[in-house]
Each structure stands twice: as C-alpha cells, then as structure tokens.
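Overview (structure and organization)
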Amino acid sequence: DVMREVLGLKDLEKKLKHTLHIEDVIVVAGDSDLSPWVKKEMGRACVACMKERLTDKNIVAVTGGTTLAAVAEMMTPDSKQSDVLFVPARGGLGEDVKNQANTICAKMAEKTMGNYRLLHVPDHLSNEAYQSLIEEPTVKEVLQLIKSSSMVIHGIGDAITMAERRKTPEEDMEKIKARYAVAEAFGYYFNQEGEVVHKVKTVGIQLEDLEHVQHVIAVAGGASKAKAIKAYMKQAPHSILITDEGAARALIRE
Ligand code: F6P
C-alpha cells in the first residue's frame, strides 16, 4: 500500500471516483494499451476484490474478452470460498473461443478448484430457434443459475472496436454508428450519456438484472477505453471499477 501511495495510485482513485461519480475504484499501474502485462495486474486486483467479497456459497457470472481472460489467468484457490460456481453471464457474443465467456468460466473454475456450468446457445439465432432453445430444460436450468448470481464480473469495450471484432451485420453497424454508441458491455451498446442504443439478442444476464446482483465488478483499462468506461459507468454507479493508470489519467484529463 505504501508503494501504491508513492506511485500516486491512491490519489488517482480518489480523483476518478469524483470524476465518474462512483463509489469503488481500483487503479493499477501502467496502461494496458501499451503493456499487455497490465491486464494481468488488473486481473490480480480483481481476484483480490472477489476474495474479499465472496462468502461460502456463490454463483459468479463472467463475460468474455481478453481482459476477463487475464482475470481467469490470475485466479488461485482460496480456502475460505469452498463453494463457488462459475457461469457465463451471456451467450458467445462472437468472440474467439479462448475469449468466450464459457471458456473463461471453465478456466476460472479449474484455477480455483470450483465448479462451472456452460451455456450452449449460438449467437445469431432466428426467433423460433431462440424461443425453443430457451425452453430446453438444460438451458433453462443454467439460465436460472445465471439469474441468481451473487457476483458478476464483466469487461467494457469501445463500441466500434467491439462491433467490428464481432463482425456485426451491416444494418446493426449503421445503427450503432448513427446512434453514436461509444461503449459496449454484455452485448449492450451505450451512447456517451450511458443510454442503451443497441442490444445484441442473446440469453443470460440482462442489464436490468444487474440491479439485483450483490457485487458487480467491471474490469477495463487502457487509455483507448476512457470514453467507453465513462459512458458505461454513468448507468452503473454502484459497480466496482477495476482499471489502469492509462484509462484513469485519460478520464481525469477529459
Ligand atoms: O465480448 C465480451 C466482452 O466482455 C464485451 O462485453 C466487452 O466489450 C469486451 O468483451 C471487452 O473485451 P477486451 O477485454 O478484450 O477489451
């Protein structure tokens, strides 16, 4: 903690809380846009934050992305948290296998010696297929578990970066741009006021469900994500933000 004081991270946290109007922020040293290991540092901070908050029986829902993959990488078993069940927060959302919520949730369970359940729902489904799939007993059961999560850990991305990474259909792409989306999380796209302007249809956690989740942790860093973080946090003032110096300094400068 003395080190964090010396590095000015404590001061950054204080300023960031004030700028974003949020209660809980952790800032790690570095900028993950420039140094890949900074994602692991955010991962380490996230794991510590989880351990402080987990009780003896927990369902933890996680999203995909490279940041969450780094969080999984840093997980270690904890003797206190005997009974953790990891579930993916939402469907695949067009990520590479290694960055999918399913993969990350299995990895977290493996690293912590916990349990996991997967959600096998493809991304672009027709209405009929979607309706019948969510009525499947095994899918229904996992969805039920997801809805009763006591903790959600998720990434935040820049809207256009994410829309491109997902190979979003042209029509949706135009909508995302026309409505000035700047942030993305859980398959929702937000404008700079933090209003939802587009949503990828998939099963799992919906934005309104987050209100009922005890602990919500957002992990996102890099100066390139400053706008996205600012917009997203406008509608999530009670979430815990874990970020890096790169994003924090850019946010305070704005
Ligand atoms: O696609 C899953 C997801 O969590 C998105 O909701 C988010 O925008 C993105 O990944 C973050 O990805 P990364 O950590 O690679 O920037």
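Below or above, wherever it landed, is the structure these notes cover. (Residues numbered from 1 in each chain as written. Predicted model: local features only at pLDDT ≥ 70, side-chain atom pairs only at ≥ 80, totals over all residues. Heavy atoms only, no water.)

**Quick word on the overall build of the protein chain**
- Looking only at helices and strands, one finds eleven helices and eleven strands in the protein chain.
- Radius of gyration (C-alpha) of the protein chain: 17 Å, near the 18 Å computed for a compact globule of 254 residues.
- The C-alpha extent of the protein chain, read off along each of the three principal axes, is 55 × 50 × 30 Å.
- Here the protein chain, with 254 residues, has 53% of them falling under the buried criterion. (Helix = DSSP H or I, 4+ residues; strand = E, 2+ residues; numbered from the N terminus. Rg over C-alpha atoms; globule rule 2.2 N^0.38 Å. Buried < 20%, exposed > 50% of the residue type's maximum accessible area, 1.4 Å probe, protein only.)

**Some remarks on the sheet that holds strand β6 (residues 157–158)**
- Pairing is antiparallel across the open sheet formed by four strands, whose spatial order is β6-β7-β8-β9. The sheet is open, and its two edges are formed by β6 and β9 (196–199), each paired on a single side.
- The strands touched by helix α9 (residues 170–178) within the sheet are β7 (181–185), β8 (188–191) and β9, with β9 carrying the most contacts at an inclination of about 170 degrees.
- The strands that helix α10 (residues 226–234) touches are β6, β7 and β8; relative to β7, the one it contacts most, it runs at about 75 degrees. (Pairing = 2+ DSSP bridges. Contact = heavy atoms within 4.5 Å. Axes fitted to C-alpha atoms, helices over the stretch in contact; angles between N-to-C directions.)

**Looking at the packing of helix α2 (residues 9–20) against helix α11 (residues 245–253)**
- It is at 10 Å that the axes of α2 and α11 come closest, and there the two elements cross at 50 degrees. The pairing of α2 with α11 is recorded here as oblique in orientation. At the point where α2 passes α11, the crossing takes the left-handed sense. Contact with α2, carried on its side by Leu-9, Leu-12, Lys-15, Leu-16, Thr-19 and Leu-20, involves Glu-245, Ala-248, Arg-249, Leu-251 and Ile-252 of α11 and no other residues of that element.
- Taken together, the residues that form the contact of α2 with α11 break down as seven nonpolar, one polar and three charged. (Parallel < 35°, antiparallel > 145°, perpendicular 65-115°, else oblique. Left-handed = near helix turned anticlockwise from the far one by under 90°. Nonpolar A, V, L, I, M, F, W, Y, C, P; charged D, E, K, R; others polar.)

**Re the packing of α10 against α11**
- Interhelical geometry of α10 versus α11 gives an angle of 70 degrees and a closest axis separation of 9 Å. Between α10 and α11, the angle is such that the two are roughly perpendicular. Across the interface between the two elements, Ala-226, Ile-229 and Lys-230 of α10 pack against Ala-247, Ala-250 and Leu-251 of α11.
- Residue classes in the contact of α10 with α11 are distributed as five nonpolar, no polar and one charged.

**Some remarks on the site of the ligand**
- Around the ligand, the surrounding shell holds 15 residues, and the nearest of these are Thr-66, Thr-67, Glu-95, Glu-184 and Lys-225.
- A distance of 2.9 Å separates an oxygen atom of the ligand from a polar backbone atom of Gly-157.
- The fraction of the free accessible surface of the ligand (400 Å²) that becomes covered by protein chains is 96%.
- Applying the majority rule of atoms within 2 Å of the grid points places the ligand in the largest pocket.
- Among the elements of the structure, α4 (66–73), α8 (159–165) and β7 are those that each provide at least two residues to the shell around the ligand.
- Grouping the amino acids of the shell around the ligand by side-chain chemistry returns four nonpolar, six polar and five charged. (Near = heavy atom within 4 Å. Polar contact = N/O pair within 3.5 Å; in protein donor to acceptor, adjacent residues only side chain to side chain. Areas by Shrake-Rupley, 256 points an atom, 1.4 Å probe, with all protein chains shown as cover. 1 Å grid on protein atoms, 1.4 Å probe; cavity = no way out; pocket = protein on both sides within 12 Å on 5 of 7 lines; lining within 4 Å. Sits in = over half its atoms within 2 Å of the grid points.)

**Remarks on the layout of surface pockets**
- Reported here for the largest pocket is a volume of approximately 460 Å³.
- Of all the elements in the fold, those that place two or more residues in the lining of the largest pocket are α4, β6, α8 and β7.
- Partitioned by chemical class, the residues of the lining of the largest pocket number seven nonpolar, 14 polar and nine charged. (Points joined across faces, edges and corners; volume = space filled by probe spheres on them.)

**What about the pairing of β8?**
- Side chains Tyr-188 and Phe-190 project from β8 onto one buried face, and the interleaved Tyr-189 and Asn-191 project onto a second face that is buried too.
- Counted along the chain from β7 to the antiparallel partner β8, the turn is two residues long, and its residue Phe-186 has a positive phi close to 60 degrees.
- Inspection of the sheet shows β8 paired to β9 by three bridges, in the antiparallel sense. Its bridge partner being in β9, Phe-190 is matched across the sheet by Val-196.
- Connecting the antiparallel pair β8 and β9 is a turn made up of four residues, with Gly-194 showing a positive phi of about 85 degrees.

**Details of the packing of aromatic side chains**
- According to the stated counting rule, one finds two aromatic pairs in the structure shown.
- Both rings, one in Phe-190 and one in Tyr-232, keep their centres 5.3 Å apart while their planes meet at 85 degrees; by these two values the pair is edge-to-face. Here Tyr-232 lies in helix α10 and Phe-190 lies in strand β8, a separation of 42 residues in the sequence.
- Joined through ring pairs, the aromatic side chains of Tyr-188, Phe-190 and Tyr-232 make up one cluster.
- When the ring centre of Tyr-130 is taken as reference, the NZ or CZ atom of Lys-201 above it lies at 5.0 Å. (Phe/Tyr/Trp six-rings, centres within 6.5 Å; stacked < 30°, edge-to-face > 60°. Lys NZ or Arg CZ within 6 Å of the ring centre and 35° of its normal.)

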